[in-house]
Amino acid sequence: MEEESIHISLAAEKIGTLWGLPITNTMLMSFVVFAILAVLAFVVRRNLALIPGRLQTLVETLFVGILDYMTETLEDAKLARKIFPLVLTIFLFIFTANLIEFTPGIGSMGWFEGDGEFVPLLRSMNTDLNTTLALTIIAFISIEVVGVATLGFLRYSKKFVNVSSVLGFMVGIIELFSEVARLVSFSFRLFGNIFAGEVMILVIQHFVPMLLPVPIMIFEVFVGFIQAAIFALLTLFFVKMAITEAH
Amino acid sequence: MEQIVSVFGINGKLLLIQVVNFGLLLFVLHRYLYRPVLAMVDVRRTKIENAVRDAEKAEAELGEAEAEKARILREATLKGDELIDLAKKHATEEEHVMMKDAHRKVVHLLGEAERRTEREHQEMIEKSEREVARMAILAAEKILRKA
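Fair warning: this is a prediction, and the values are worked out from it, not measured in the lab.

Peer 1: What's the story with the overall build of chain A in this structure? I'm lost.
Peer 2: Helices and strands together make up the secondary structure of chain A, namely seven helices and four strands. For chain A, the succession of helices and strands along the chain, N to C, is β-β-α-α-α-β-β-α-α-α-α. Counting only C-alpha atoms and orienting by the principal axes, one finds that chain A spans roughly 65 × 55 × 40 Å. The 247 residues of chain A split such that 30% are buried. Partitioning the intrachain contacts of chain A with sequence separation of at least 6 by distance along the chain shows that 63% fall at a separation of at least 24.

Peer 1: Any chance you could explain the UniProt feature "transmembrane region" (unreviewed entry) in chain A here in plain terms?
Peer 2: All names here are of chain A. The sites that carry the UniProt feature "transmembrane region" (unreviewed entry) are, in the present numbering, residues 23-43, 83-100, 133-154, 160-178 and 214-239. Its end C-alpha atoms 26 Å apart, residues 83-100 is made of 94% helix and 0% strand. Along residues 214-239, the helical share is 100% and the strand share 0%, with 38 Å between the first and last C-alpha atoms.

Peer 1: What is the right way to read the UniProt feature "transmembrane region" (unreviewed entry) in chain B from this model?
Peer 2: Sequence positions flagged by UniProt for "transmembrane region" (unreviewed entry) are, in local numbering, residues 15-34 of chain B. Split by type, residues 15-34 of chain B is 100% helix and 0% strand. Its first and last C-alpha atoms lie 26 Å apart.

Peer 1: Is there a simple way to explain helix H7 (residues 213-243) of chain A in this structure?
Peer 2: In an α-helix, one full turn covers 3.6 residues, which means residues spaced three or four apart are oriented alike. Residue and element names in this part refer to chain A. Relative to the 45 Å expected for 31 residues at 1.5 Å per residue, H7 spans 44 Å between its end C-alpha atoms, a close match to the ideal helical length. Buried residues of H7: Pro 213, Glu 220, Gly 224, Gln 227, Ala 228, Phe 231, Ala 232, Thr 235, Leu 236, Phe 238, Val 239 and Ala 242, and no others. In the core, the buried residues of H7 are packed alongside helix H2 (54-74), helix H3 (77-99), helix H4 (129-151) and helix H6 (166-207).

Peer 1: Sorry if this is basic, but what is going on with the pairing of strand S2 (residues 21-24) of chain A here?
Peer 2: Taken residue by residue, a regular strand's side chains alternate between the two faces of the sheet. All names here are of chain A. Where strand S1 (residues 14-18) and S2 come together, four bridges link them in antiparallel fashion. Bridged to Gly 16 within S2 is Ile 23. Connecting the antiparallel pair S1 and S2 is a turn made up of two residues, with Trp 19 showing a positive phi of about 50°.

Peer 1: What am I meant to see in the packing of H6 of chain A against H7 of chain A here?
Peer 2: The relative placement of two packed helices is expressed as an angle between their axes plus a distance between the axes. All names here are of chain A. Contact geometry of H6 with H7 gives a least axis separation of 10 Å together with a crossing angle of 175°. Regarding the angle of H6 to H7, the classification is roughly antiparallel. Taking contact as the criterion, the partners of Arg 182, Phe 186, Leu 190, Asn 193, Ile 194, Gly 197, Met 200, Ile 201, Ile 204 and Gln 205 in H6 are, on H7, Pro 213, Ile 216, Met 217, Glu 220, Val 223, Gly 224, Gln 227, Phe 231, Leu 234 and Phe 238.

Peer 1: Quick question: what am I supposed to make of the interface of chain B and chain A here?
Peer 2: How large an interface is tends to be reported as the accessible area lost when its parts come together. Taken together, the contact pairs 28 residues of chain B with 36 residues of chain A. Listed by contribution, the elements that provide at least two residues to the side of chain B that touches chain A are helix H1 (2-8) and helix H2 (12-146) of chain B. Broken down by element, the side of chain B that touches chain A gets its largest block of residues, 23 residues, from H2 of chain B. Within the side of chain B that touches chain A, the residues separate by chemical class into 21 nonpolar, five polar and two charged.

Peer 1: Explain the environment of Phe 95 of chain A to me, please; I cannot follow it from the model alone.
Peer 2: Residues and elements named next belong to chain A. Within the secondary structure layout, Phe 95 lies in helix H3. Separated by 104 residues in the primary sequence, Phe 95 and Val 199 place their C-alpha atoms 19 Å from one another. Once residues within four sequence positions are removed from consideration, Phe 95 is found in contact with Gly 224, Phe 225 and Ala 228.

Peer 1: Is there a simple way to think about the packing of H3 of chain A against H4 of chain A in this case?
Peer 2: Residues and elements named next belong to chain A. Remark: H3 packs on H4, axes separated minimally by 12 Å, with the N-to-C direction vectors making an angle of 160°. Relative to H4, H3 is oriented roughly antiparallel. Considering the relative orientation of H3 and H4, their crossing is left-handed. Every residue of H4 that contacts H3 at Ile 83, Leu 86 and Ile 90 is listed here: Leu 135, Ala 139, Ser 142 and Val 146. Its residues assigned to classes, the contact of H3 with H4 shows six nonpolar, one polar and no charged.

Peer 1: For this particular structure, what's the right way to read unusual backbone geometry?
Peer 2: Across the chain, the bulk of peptide bonds are trans and the bulk of non-glycine residues have phi less than zero. Residues and elements named next belong to chain A. Phi is positive for Glu 75, which is not a glycine, with a value near 55°. Position of Glu 75 among the secondary structure elements: in the loop between H2 and H3. Not every positive phi belongs to a glycine, and Leu 211 is a case in point at roughly 60°.

Peer 1: Teacher, can you tell me more about helix H1 (residues 25-46) of chain A here?
Peer 2: Between the first and last C-alpha of H1 of chain A there are 31 Å, a value that for 22 residues agrees with the 32 Å anticipated at 1.5 Å per step. Regarding H1 of chain A, the residues found buried are Asn 25, Thr 26, Met 27, Met 29, Ser 30, Val 33, Ala 41 and Val 44 of chain A.

Peer 1: Looking at this model, I keep getting lost on the environment of Met 170 of chain A. Mind explaining?
Peer 2: All names here are of chain A. Along the chain, Met 170 turns up in helix H6. Here Met 170 falls in the exposed class, since 11 other C-beta atoms lie within 10 Å of it. C-alpha separation for the pair Met 170 and Phe 160, spaced ten residues apart in sequence, amounts to 9.0 Å.

Cut-offs applied
- Residues numbered from 1 in each chain as written.
- Chains lettered and ligands numbered in written order.
- Predicted model: local features only at pLDDT ≥ 70, side-chain atom pairs only at ≥ 80, totals over all residues.
- Helix = DSSP H or I, 4+ residues; strand = E, 2+ residues; numbered from the N terminus.
- Buried ≥ 20, exposed ≤ 12 C-beta atoms within 10 Å, placed from the backbone.
- Contact = placed C-beta atoms within 7 Å.
- UniProt positions renumbered as here; feature names shortened; annotations may be inferred.
- Expected span 1.5 Å × (residues − 1).
- Pairing = 2+ DSSP bridges.
- Axes fitted to C-alpha atoms, helices over the stretch in contact; angles between N-to-C directions.
- Parallel < 35°, antiparallel > 145°, perpendicular 65-115°, else oblique.
- Nonpolar A, V, L, I, M, F, W, Y, C, P; charged D, E, K, R; others polar.
- Left-handed = near helix turned anticlockwise from the far one by under 90°.

Written out as structure tokens, the structure reads:
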């Protein structure tokens, strides 16, 4: 009876403790994603040549395309090149994690705790608010730092603290709120989309274990791509907004 | 808020680990993927730029050489024509001189020959006159002796 029901936990399952640090299955997953991307980087770098191979051509086209787009958006080639690593790493990290979330073994390998609760060894990385919140905090801090570094502290703070008029002051307060609200919207958007996808697959699998989950999984991978792109693009756009002076 | 944190399992340590993990990934990818790849793209771009510039230069040089060749050819032709003209003029002049010389010589020779024949003719007339006179004398002697 217990095994028949669907168990859904919003929080990631703790699978152990190391030096007093909790180890969760999503954390383990983020290490796996790290390893995959590191290996990719290693392979690409080792085969780097002036006359590019297939993989190098793909990677170069991707990088140059993204960099060109960023330069176009920011209208600043130097800044684009500076935040290019951040934006692309956000995209690659989230996209890789979402791409492999349905790999057999992830979510199905694990053990039963004493109370009959199943604890998977690996769990899709973005179904943990800690991960998405961490990414959001990094993006948020980067955006603020770029804004302050580009405009200067005084001119940047004028966006939020404007005492020239009552209306301007109100607008500044609203700006400040929307700025902080990003922390929530960024992290919950990604978390919610991926978590919902996982739950949907789980429910469908419960009723129709074969065939039907496949198109849903393909759709969820697409959603994963979209979410990764949205996270990276919004970071880019907020950087653009941060370096644009208040009117 | 407390409830949200506990339901979603938000944990400062976990957050920190994820931040560090991402930071490390950013560093690794930047160092070992983005920088080398973009540097390679830049290297290739400069190389292609140089190659294009070199090709353009070579083309321009080729055009110049081509023009130089044409100029030299034209000059040579002109000079050759000039030389031929000069030679022709020279030859005509020479011919003229030779013809004149020959004419003069011929006139001279003709005169000489005429004068010689004249002289010989004269001499023969004189000789025959003398002979006629001698014969006449001989005849007269003969007649006189008979008589």
